[in-house]
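As a plain string of letters, each chain reads:
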Amino acid sequence: MPPPEPPPDQPPGTVIHALASRLRRLPPLCGPVRLVGVDGHAGSGKSTFAGRLAAALDGAPVLHLDDVASHEELFAWDRRLLADVVEPLARGRTAHYAPYDWRARDFGPARALPPAPVILVEGVGAGRRALRPYLTQLLWMELPREEAWTRGRSRDGEEQREFWAGWVEAERRHFAADPSRPYADLLVRQVKQGYEVLPGQEKAVEPHQNVTHRDGPSAVC
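Conventions used here
- Residues numbered from 1 in each chain as written.
- Predicted model: local features only at pLDDT ≥ 70, side-chain atom pairs only at ≥ 80, totals over all residues.
- Heavy atoms only, no water.
- Helix = DSSP H or I, 4+ residues; strand = E, 2+ residues; numbered from the N terminus.
- Contact = heavy atoms within 4.5 Å.
- Areas by Shrake-Rupley, 256 points an atom, 1.4 Å probe, with all protein chains shown as cover.
- Pairing = 2+ DSSP bridges.
- Salt bridge = Lys/Arg side-chain N within 4 Å of Asp/Glu carboxyl O.
- Buried < 20%, exposed > 50% of the residue type's maximum accessible area, 1.4 Å probe, protein only.
- Expected span 1.5 Å × (residues − 1).
- Axes fitted to C-alpha atoms, helices over the stretch in contact; angles between N-to-C directions.
- Parallel < 35°, antiparallel > 145°, perpendicular 65-115°, else oblique.
- Left-handed = near helix turned anticlockwise from the far one by under 90°.
- Nonpolar A, V, L, I, M, F, W, Y, C, P; charged D, E, K, R; others polar.
- Polar contact = N/O pair within 3.5 Å; in protein donor to acceptor, adjacent residues only side chain to side chain.
- Phe/Tyr/Trp six-rings, centres within 6.5 Å; stacked < 30°, edge-to-face > 60°.
- Lys NZ or Arg CZ within 6 Å of the ring centre and 35° of its normal.

S.K.: I would appreciate a short explanation of the overall build of the chain in the present structure.
M.R.: Across its full length, the chain holds 5 helices and 11 strands. For the chain, the proportion of contacts with a sequence separation of at least 24, taken over those separated by at least 6, is 71%. When the accessible surface of the chain is totalled, it reaches about 11300 Å², and 53% of it is carbon and sulfur.

Here it is as structure tokens:
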């Protein structure tokens, strides 16, 4: 059965604001912080969605995993993320991490990330097993990998063609060994009207929880 259409007078952004309200009510699992993972294939629209969700959360911080990964460690950054970011936040302290410059191929000056009621962790691998115990909620951008990769290649242009060839294989290996989607609490799908939010795979939904929503306008990234 298709999800119900929103009422005709439903204002744009209702889905994201409803999701933001839901996240605020969940218990924190990383000290005082509700870490929320936004995972999905490269090119699936994670950054745009995370930005809109952060705005609905009154400017919640967004940690982009592109700032944590590097050419040498496309996915072998979990221990560094736990030590530099997760563990300090779990103690209620300000975390510090050095964002990676993909053009200079080097890490920049340290950046502070103070504890906040909600912090979004956005990027491929945000739902990996090392992080899941600390995540209050895991969101998965529901877009087939080939479609997502095609969008990503188109976005980045010919300059990044060689990088994408290596990235695709690295992403395949990562998700084969450490999948995120089966553990997602919610699936986020881009539709004509904007976004649709559905229960994750094999996730039970309480009778009072309405998590099947759609809104607009559409976003492509």
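S.K.: It is not clear to me how the pairing of strand E9 (residues 186-191) should be interpreted in this structure. Could you clarify?
M.R.: Regular strands show a simple pattern: their side chains alternate between the two faces of the sheet. Pairing geometry for strand E8 (residues 135-141) and E9, over 3 bridges, is parallel. Its bridge partner being in E9, Met141 is matched across the sheet by Val188. Bridge count for E9 against strand E10 (residues 194-199) is 6 bridges, and the pairing is antiparallel. Looking across to E10, one finds that Val188 is bridged to Val197. Turn length for the E9-E10 hairpin, with the two strands adjacent in sequence and antiparallel, is 2 residues.

S.K.: What should I look at first to understand the pattern of salt bridges in this one?
M.R.: Opposite charge on two side chains allows them to pair when their charged atoms are near. Counted under the stated rule, the structure contains 13 salt bridges. Among the ionic pairs, Glu142 bridges to Arg181, the shortest N-O distance being 2.7 Å. Of the two residues, Glu142 is situated in the loop between E8 and helix H4 (145-156) and Arg181 in the loop between helix H5 (161-177) and E9; the sequence distance between them amounts to 39 residues. Of the residues examined, Arg181 reaches a relative accessible area of 27% and is grouped as partly exposed. Here Arg189 ties to Glu196 by a salt bridge, and the two come within 3.2 Å at their closest N and O atoms.

S.K.: Mind showing me how you'd approach H5 here?
M.R.: Three or four residues apart is the spacing at which side chains of an α-helix point the same way, because the helix has 3.6 residues per turn. A rise of 1.5 Å per residue sets the reference length of H5, with its 17 residues, at 24 Å; its end C-alpha atoms lie 25 Å apart and thus fit the reference within 8%. Looking only at H5, the buried set comprises Trp164, Trp167, Val168, Ala170, Glu171, His174 and Phe175.

S.K.: Sorry, what's going on with the packing of H4 against H5 here?
M.R.: Contact pair H4 / H5: the axes reach a minimum separation of 11 Å and the direction vectors enclose 155°. Relative to H5, the element H4 lies roughly antiparallel. The two elements H4 and H5 meet at a crossing, and its hand is right-handed. Here Arg145, Glu146, Trp149, Gly152, Arg153, Arg155 and Asp156 of H4 come into contact with H5, specifically with Trp164, Val168, Glu171 and Arg172. Its residues assigned to classes, the contact of H4 with H5 comprises 3 nonpolar, 1 polar and 7 charged.

S.K.: So what exactly am I meant to see when it comes to the side chain of Glu122 here?
M.R.: As for its position among the elements, Glu122 is in strand E7 (residues 118-122). When sequence neighbours within four positions are dropped, the list of residues in contact with Glu122 reads Val38, Lys46, Ser47, Ala50, Val62, Leu63, His64 and Leu65.

S.K.: Hey, could you run me through the packing of helix H1 (residues 14-25) against helix H2 (residues 46-56) in this one?
M.R.: Between H1 and H2, the shortest axis-to-axis distance is 9 Å and the interhelical angle comes to 65°. Judged on the interaxial angle alone, H2 and H1 are roughly perpendicular. Crossing geometry of H1 relative to H2 is assigned as right-handed. Judged by residue contacts, Ile16, His17, Leu19, Ala20, Leu23 and Arg24 of H1 engage Phe49, Arg52, Leu53 and Ala56 from H2. Each residue belonging to the contact of H1 with H2 can be placed in one class, and the counts come to 7 nonpolar, 1 polar and 2 charged.

S.K.: When you look at the side chain of Ser180 in this model, what are you seeing that I'm missing?
M.R.: Within the fold, Ser180 resides in the loop between H5 and E9. On the basis of relative accessibility, which here comes to 1%, the residue Ser180 falls in the buried class. Within the structure, the side chain of Ser180 is placed 2.6 Å from the side chain of Asp39, a separation counted as a polar contact. Discounting residues that sit within four places of it in the chain, Ser180 has contacts with Asp39, Gly127, Arg128, Leu138, Trp140 and Phe175.

S.K.: So what exactly am I meant to see when it comes to the packing of aromatic side chains here?
M.R.: Both the distance between ring centres and the angle between the ring planes are used here to describe each pair of aromatic rings. For the structure on display, the rule yields 7 aromatic pairs. Ring centres of Trp102 and Phe163 lie 5.7 Å apart, and the angle between their planes is 75°; on these two criteria the pair is classed as edge-to-face. Pair noted here: Trp102 is in the loop between strand E4 (100-101) and strand E5 (106-107) and Phe163 is in helix H5, with a separation of 61 residues, a long-range link. With a relative accessible area of 27%, Phe163 lands in the partly exposed category. Ring geometry for Trp140 versus Phe175: centroids 5.5 Å apart, planes at 75°, classification edge-to-face. Residue Trp140 is located in strand E8, and its partner Phe175 is located in helix H5; the two are separated by 35 residues in the primary sequence. Feature note: the residues Phe75, Tyr100, Trp102, Phe107, Phe163 and Trp167 constitute an aromatic cluster, connected by ring pairs. The cationic tip of Arg128 hangs over the ring face of Trp77; the distance from NZ or CZ to the ring centre is 4.5 Å. Seen from the ring of Tyr183, Arg132 lies directly overhead, with NZ or CZ sitting 3.8 Å from the centre.

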